[in-house]
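# A closer look at the structure
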Amino acid sequence: MDALKQKILNEGQVLPGNVLKVDHFLNHQIDPELMYQIGQAFAGFFAGRNINRILTIEASGIPPALMTGLAMKLPVVFAKKTEAANLDTDFLAASVYSFTRQREYTIRVSRKYLQPGDRVLVIDDFLANGQALLGLADIISQAGADFVGAGIVIEKAFQQGGELARERGIEVHSLAKIQDMTDGKVHFCDDHL
Ligand code: 5GP
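My aim in this report is to walk through the structure given alongside it, one point at a time. (Residues numbered from 1 in each chain as written. Predicted model: local features only at pLDDT ≥ 70, side-chain atom pairs only at ≥ 80, totals over all residues. Heavy atoms only, no water.)

### Things to note about the nonpolar core
Soluble, globular proteins show a tendency: their nonpolar side chains are buried together. Going by this rule: Only buried residues count toward a nonpolar core. Its members are Ala, Val, Leu, Ile, Met, Phe, Trp, Tyr and Cys residues joined through side-chain atoms within 4.5 Å. Buried, partly exposed and exposed residues are distinguished by accessible area as a fraction of the type maximum, computed with a 1.4 Å probe on protein chains only: under 20%, between the cut-offs, and over 50%, respectively. Where helices and strands are cited, they refer to DSSP runs of H or I of at least four residues and of E of at least two residues respectively, numbered from the N terminus.
Ranked by internal contacts, the top residues of the largest apolar core, which has 29 residues, are Leu4, Ile8, Leu20, Leu26, Ile38, Met72 and Ile154. Where this core is concerned, the elements lending two or more residues are α1 (2-11), α2 (32-45), α3 (62-72), β7 (119-127), β8 (146-156) and β9 (172-180). Within the second largest apolar cluster, 27 residues are counted, among which are Val77, Ala79, Val96 and Ile152.

### Concerning the site of the ligand
The condition that has to hold: Any residue with a heavy atom positioned within 4 Å of a molecule or strand is treated as near that molecule or strand. Polar contacts here mean pairs of N or O atoms no more than 3.5 Å apart (in protein, one a potential hydrogen donor and the other a potential acceptor; neighbouring residues in sequence count only if both atoms are side-chain atoms). For every accessible area listed, the method is Shrake-Rupley and the probe measures 1.4 Å; residues are considered covered only by the protein chains on display. Each residue is assigned to one of three groups, with Ala, Val, Leu, Ile, Met, Phe, Trp, Tyr, Cys and Pro labelled nonpolar, Asp, Glu, Lys and Arg labelled charged, and all others, Gly among them, labelled polar.
Near the ligand lie 15 residues; those nearest to it are Leu20, Asn27, Asn129, Gly130 and Lys156. Taking Asp125, its side chain carries an N or O atom lying 3.1 Å from an oxygen atom of the ligand. Gly130 places a main-chain nitrogen or oxygen 2.7 Å from an oxygen atom of the ligand. In the complex, the protein chains occlude 84% of the 500 Å² of accessible area that the ligand would expose alone. Sorting the residues of the shell around the ligand by element identifies β2 (19-21), β7 and α4 (131-143) as the ones contributing at least two each. Of the residues forming the shell around the ligand, the biggest block, four residues, is contributed by β7. The class makeup of the residues in the shell around the ligand is six nonpolar, six polar and three charged.

### A closer look at the pattern of salt bridges
Our working rule: Basic side-chain nitrogens of Lys or Arg form a salt bridge, by our definition, when they fall within 4 Å of a carboxyl oxygen of Asp or Glu.
Counted according to the given criterion, the structure contains nine salt bridges. Taking the shortest distance from any N to any O, the salt bridge between Arg49 and Glu171 comes out at 2.5 Å. Pair noted here: Arg49 is in the loop between α2 and β3 (53-57) and Glu171 is in the loop between α5 (161-167) and β9, with a separation of 122 residues, a long-range link. One network of salt bridges, in which partners are shared, links Lys7, Glu11 and Asp31.

Written as structure tokens, this is what we have:
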């Protein structure tokens, strides 16, 4: 997706520890027009697959997931990272280790919003080490639902998440795939920018 790649090149900032800061349009301030295009791109790619629910994790997965839900006319469910009082008592949970925060946290989804037989598309902002995605896969499996595929806005291909997910048979479609950023600059896998 050229508009996304251009935005990453123009506004992304490479931080120590191979972290890409994209606060201008994805992780803090949000660019609705770009999110709209992202939703259209995922909807086009995953069309005709009998998907009936979209699943993401709060907070930064919500904007692209919501726009995908809008384009596909499907409900969007987000896994919660904190044990909120307004969460149903009957929920599915999985443990996720965050390498960026160096801690383990639990994600939770009410059983009401993930049913046996559901065909689920996962949308997330980043795929790095893949722990968030595998946590969602665990929850989908506990629900007895089918994991149809994962739409990722930015995949850091030099980390293990993409390989881990694909090895497990998860179809991953990423809109921008980063090969490396070792010199402080972003280099995409299919480098045409
Ligand atoms: P994982 O390592 O589980 O694939 O990544 C988990 C989460 O960490 C992503 O959904 C994203 O929120 C965050 N994350 C991982 N790498 C980066 C990065 O380079 N930049 C930003 N902004 N977030 C990241």
